[in-house]
Amino acid sequence: MKKMYTSVVRLAGSSFLLLFLAIALHSCSSDNEEILEEEPEASIPEPEQPQAECNDVSKYVFQEKDGLIKVEFENAIFGDDWELGSSEENYSGEGYMVWTGNDNLGTPGVGKATFKINIKTPGVYQLLWNSAVTIGDNGTEHNDTWLRFDDADDFFGKKGESFVYPKDRNKSPNPKGASKDGWFKIYRSGNDLGFKWQARTSDHDAHDIFIQFDNPGIYTMEVSARSKGHAIDAFVLFKEGMDKNEAVNTDSFSEISCD
Ligand SMILES: [Ca+2]
């Protein structure tokens, strides 16, 4: 009796297998018909976003032209705790990078990202970035990120005739508040939270940010995470003397070559 039952089960199993194969074959032939349909055309990129020479972001070199560099901040290699955001308003390109890890209030170098910049016109450049506070409702918190230009000829903050230099590079005076190993804490201030073009250092003593390049060449800009929730969309470097608004509002981002 048991043997007969087993045979019936096997027979039923074989029938199911044949039925399954028949359905699978039919599905395959349907898929083949669907593959013949044309793929939709890829969307055309915005004209003001130049296409890089290669697809490898780690090789990007941003090209200065006429004393100006403008770069989408998301055009670099970022670690896991930096996230590409797009839910806030008033950004350009693919979005902006926001730090979602722990605060590093006294420790620069965490979550480091680098940008290579090809300077053809030596001189002193000012840096501004378009940044926002994405956590809470206080414009003086979650509002800063570390910045360093260690291979430039000078890196300093300036407010009128007052100069400050990053700590641990044998130059003084140093800014009020955090600075370490050649890094400046760069903050935005004000009661507003949304994206705006501003970059300052020295607490309650806002100094603008300048970098001096004495020779043409490729220089490295480093950023690292400080405050959770600080988001950066883009940055500009413009030669001293150029109008700030002209630099910020220029339509075209810098050409990108690959080293
Ligand atoms: Ca952007």
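Residues numbered from 1 in each chain as written. Predicted model: local features only at pLDDT ≥ 70, side-chain atom pairs only at ≥ 80, totals over all residues. Heavy atoms only, no water.

1. Brief notes about the overall build of the protein chain
(1) Moving on: Across its full length, the protein chain holds 2 helices and 17 strands.
(2) Moving on: Out of the 259 residues in the protein chain, the part that is buried amounts to 41%.
(3) Moving on: For the protein chain, the proportion of contacts with a sequence separation of at least 24, taken over those separated by at least 6, is 74%.
(4) Moving on: When the accessible surface of the protein chain is split by element, carbon and sulfur atoms take 50% of a total near 14,600 Å². (Helix = DSSP H or I, 4+ residues; strand = E, 2+ residues; numbered from the N terminus. Buried < 20%, exposed > 50% of the residue type's maximum accessible area, 1.4 Å probe, protein only. Contact = heavy atoms within 4.5 Å. Areas by Shrake-Rupley, 256 points an atom, 1.4 Å probe, with all protein chains shown as cover.)

2. As for the packing of aromatic side chains
(1) Moving on: One pass over the structure, following the stated rule, counts 19 aromatic pairs.
(2) Moving on: Taking the centre distance of 5.4 Å and the plane angle of 45° together, the rings of Phe73 and Phe78 count as tilted.
(3) Moving on: For Phe78, a relative accessible area of 17% corresponds to the buried category.
(4) Moving on: For the ring pair Phe149 and Phe213, a centre distance of 6.3 Å and an interplane angle of 70° mean the geometry is edge-to-face. Taken together, the residues Phe149 in the loop between β7 (144–148) and β8 (154–159) and Phe213 in strand β14 (residues 207–213) connect sequence positions 64 residues apart. Each member of the pair Phe149 and Phe213 is classed as buried.
(5) Moving on: Cluster of aromatic residues (ring-pair linked, three or more members): Tyr60, Phe62, Phe73, Phe78, Trp82, Trp99, Phe115, Trp129 and Phe235. (Phe/Tyr/Trp six-rings, centres within 6.5 Å; stacked < 30°, edge-to-face > 60°.)

3. Re unusual backbone geometry
(1) Moving on: Residues Ser172 and Pro173 are joined by a peptide bond in cis, for which omega reads 0°.
(2) Moving on: By secondary structure assignment, the location of Pro173 is in the loop between β9 (162–164) and β10 (179–180).
(3) Moving on: In this structure, Asn90 is a non-glycine residue whose phi angle is positive, near 70°.
(4) Moving on: Residue placement: Asn90 occurs in the loop between β3 (82–85) and β4 (96–99).
(5) Moving on: A relative accessible area of 60% places Asn90 in the exposed class.
(6) Moving on: Residues other than glycine seldom take positive phi values, yet Asp168 does so here, at roughly 70°.

4. What to know about the environment of Gly217
(1) Moving on: Looking at the secondary structure, you find Gly217 in strand β15 (residues 217–224).
(2) Moving on: Through-space distance from the C-alpha of Gly217 to that of Thr121 is 9.2 Å; in sequence the pair is 96 residues apart.
(3) Moving on: Setting aside residues up to four positions removed in sequence, Gly217 forms contacts with Ile117, Asn118 and Ile119.

5. Details of the coordination of the calcium ion
(1) Moving on: Taken together, the protein ligands of the calcium ion are Glu72 (OE), Glu74 (OE), Glu74 (OE), Ser92 (O), Gly95 (O), Asp233 (O) and Asp233 (OD), with distances of 2.3 to 2.7 Å.
(2) Moving on: When the donors of the calcium ion are listed by position in the chain, the intervening gaps give E-x1-E-x17-S-x2-G-x137-D. Within this pair, whereas Glu74 is found in the loop between β2 (68–72) and β3, its partner Asp233 is found in strand β16 (residues 230–239), the two being separated by 159 residues in sequence. In this structure, Glu74 and Asp233 share a single accessibility class: buried. (Donors = N, O, S within 2.8 Å, 3.2 Å for Na, K, Ca; no water.)

6. Description of the state of the cysteines
(1) Moving on: Evaluation of the coordinates by the stated rule reveals 1 disulfide.
(2) Moving on: Two residues, Cys54 and Cys258, share a disulfide whose sulfurs are 2.2 Å apart. Here Cys54 and Cys258 share a disulfide; its torsion about the S-S bond, -90°, makes the bridge left-handed. Taken together, the residues Cys54 in the loop between α1 (2–35) and β1 (60–63) and Cys258 in strand β17 (residues 256–258) connect sequence positions 204 residues apart. (Disulfide = S-S within 2.5 Å.)

7. Some words on the side chain of Arg188
(1) Moving on: By the secondary structure assignment, Arg188 is in the loop between β11 (183–187) and β12 (196–197).
(2) Moving on: For Arg188, a relative accessible area of 0% translates into the label buried.
(3) Moving on: Aside from chain neighbours lying at most four places away, what touches Arg188 is Ser131, Ala132, Val133, Gly139, Asn143, Leu193, Gly194, Lys196, Gln198 and His230.

8. Here we look at the pairing of strand β6 (residues 123–133)
(1) Moving on: Burial analysis of β6 places 11 of its 11 residues in the buried class, which makes it a mostly covered element.
(2) Moving on: Inspection of the sheet shows β6 paired to β14 by 5 bridges, in the antiparallel sense. The residue of β14 that forms the bridge with Gly123 is Phe213.
(3) Moving on: Pairing geometry for β6 and β12, over 2 bridges, is antiparallel. Bridging across to β12, Ser131 finds its partner in Lys196. (Pairing = 2+ DSSP bridges.)

9. Some thoughts on the pattern of salt bridges
Close approach of charged atoms allows side chains with opposite charge to pair.
(1) Moving on: Tallying each qualifying case throughout the model produces 12 salt bridges.
(2) Moving on: The salt bridge partner of Lys159 is Asp205, with a shortest N-O separation of 2.8 Å. Separated by 46 residues along the polypeptide, Lys159 in strand β8 and Asp205 in the loop between β13 (200–201) and β14 bring together distant segments of the chain.
(3) Moving on: Judged by its relative accessible area of 13%, Asp205 falls in the buried class.
(4) Moving on: For Lys185, the salt bridge goes to Asp203, with nearest N and O atoms at 2.9 Å. Taken as a pair, Lys185 in strand β11 and Asp203 in the loop between β13 and β14 lie far apart in primary sequence, 18 residues in all.
(5) Moving on: Judged by relative accessible area, which is 22%, Asp203 ranks as partly exposed.
(6) Moving on: Salt bridges here are not isolated pairs; linked through shared partners, they connect Lys112, Arg148, Asp150, Arg169 and Glu222. (Salt bridge = Lys/Arg side-chain N within 4 Å of Asp/Glu carboxyl O.)

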